[in-house]
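Results of the structural survey
Below are the chains, spelled out letter by letter.
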Amino acid sequence: MAEQTHVLFVEDDDVIREATQLALERDGFAVTAMPDGLSGLEAFRADRPDIALLDVMVPGLDGVSLCRRIRDESTVPVIMLSARADSIDVVLGLEAGADDYVTKPFDGAVLVARIRAVLRRFGHASGGDAKAQEAGAAGTGGVLTFGELGELVIDTVGMEVRKSGEPVALTPTEMRLLLEFSSAPGTVLSRDKLLERVWDYGWGGDTRVVDVHVQRLRAKIGQDRIETVRGFGYKLKA
């Protein structure tokens, strides 16, 4: 029997917390539900869940701060939950290291779909990307280099990135995003295409998710490595 996926769910509203926990458990997830950020952090450290669902507005330690604490210790996928689709809430959560966000009230089936999409992405980033591996295999055994002096090195098999010889720590989503860019250097990828390929959205998604992740990736591999093509999307410098 396959091992259950363990979800950490932090939500201060008793009704939402209990109803969502029951819905997730019916879908086969094991759920640890906590009412505030501090207990959520303790549960994360004790249980090391497979994914964390964090409400933005929880007492003690808010969801954005909790996401930062988790990201300091782990690359476990994080989905933020917010009653507001306000740009500030969304951007703060994503900049803190969240992989995705869902606006409340949410449909249980949509939440489950988003969780599974993030987990698939995590698996892809951990296990490698076939297109990038194929492209890299034509070079040096799955190793891609970019820049005149080869400053950026991407090992598409070992899932490692180096900039000027130093290792770069990427979250699974950031790695998946970089693999998409590196599989087609110089090619403009639209935000919608990146949502489809990286976030596994079979429906329209919020392109702010892409923009913030590109900003985070630039901060790690070089601000000028990924170009913005206004009105179209982004491309990795060949």
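First things first, this report covers the structure right here in the doc. Owing to the predicted nature of the structure, the values given are computational and were not obtained by experimental measurement.

With respect to the overall build of the chain
Scanning the chain from N- to C-terminus turns up nine helices and 11 strands. With 238 residues in all, the chain has 47% of them scored as buried. Here the analysis covers contacts within the chain between residues at least 6 apart in sequence; of these, 60% occur between residues at least 24 apart.

Some details on the nonpolar core
If you look at the biggest cluster of nonpolar residues, it comprises 50 residues, and the most contacted ones within it are Leu54, Met80, Ile154 and Phe181. No other element matches the six residues that helix α9 (residues 208–221) contributes to this core. Listed in part, the 14 residues of the second largest apolar core include Val7, Ile79, Leu111 and Val112.

Considering the packing of helix α7 (residues 172–183) against helix α8 (residues 191–198)
Where α7 meets α8, the closest approach of the two axes is 10 Å, and the angle between their N-to-C directions is 120°. As the angle between them shows, α7 and α8 are arranged oblique. Crossing handedness for the pair α7 and α8: right-handed. Here Thr173, Arg176, Leu177, Glu180 and Phe181 of α7 lie close against α8, whose contacting residues are Leu194, Arg197 and Val198.

Looking at unusual backbone geometry
Lysine 104 connects to proline 105 through a cis peptide bond whose omega is -5°. Despite not being glycine, arginine 48 shows a phi value in the positive range, around 50°. Looking at the element boundaries, arginine 48 is found in the loop between α2 (37–47) and β3 (51–55). Among the residues examined, arginine 48 registers a relative accessible area of 43% and is labelled partly exposed. The backbone of serine 164 sits at a positive phi, close to 55°, despite the residue not being glycine. Mapped onto the elements, serine 164 comes out in the loop between β8 (160–163) and β9 (166–167).

Section: the pairing of strand β1 (residues 6–10)
A large share of β1 lies buried, amounting to five of its five residues. Residues His6, Leu8 and Val10 point to one face of β1 and Val7 and Phe9 to the other, with burial holding for every one of them. In terms of strand pairing, β1 meets strand β2 (residues 30–34) through five bridges, oriented parallel. The residue of β2 that forms the bridge with histidine 6 is alanine 30.

Here we look at the sheet that holds strand β4 (residues 78–82)
Strand order in the open sheet formed by five strands is β2-β1-β3-β4-β5, with parallel pairing between adjacent strands. Here the strands that pair on one side only, and so sit at the sheet edges, are β2 and β5 (100–103). Sheet twist, expressed as the mean angle between neighbouring strand axes with direction ignored, is 20°. Strands in contact with helix α1 (residues 14–26) are β1, β2 and β3; relative to β2, the strand with the most contacts, it is inclined by about 170°. Relative to the sheet, α2 contacts β1 and β2, its axis offset from that of β1 by approximately 165°.

Procedures and definitions
- Residues numbered from 1 in each chain as written.
- Predicted model: local features only at pLDDT ≥ 70, side-chain atom pairs only at ≥ 80, totals over all residues.
- Heavy atoms only, no water.
- Helix = DSSP H or I, 4+ residues; strand = E, 2+ residues; numbered from the N terminus.
- Buried < 20%, exposed > 50% of the residue type's maximum accessible area, 1.4 Å probe, protein only.
- Contact = heavy atoms within 4.5 Å.
- Core = buried A, V, L, I, M, F, W, Y, C linked by side-chain atoms within 4.5 Å.
- Axes fitted to C-alpha atoms, helices over the stretch in contact; angles between N-to-C directions.
- Parallel < 35°, antiparallel > 145°, perpendicular 65-115°, else oblique.
- Left-handed = near helix turned anticlockwise from the far one by under 90°.
- Pairing = 2+ DSSP bridges.

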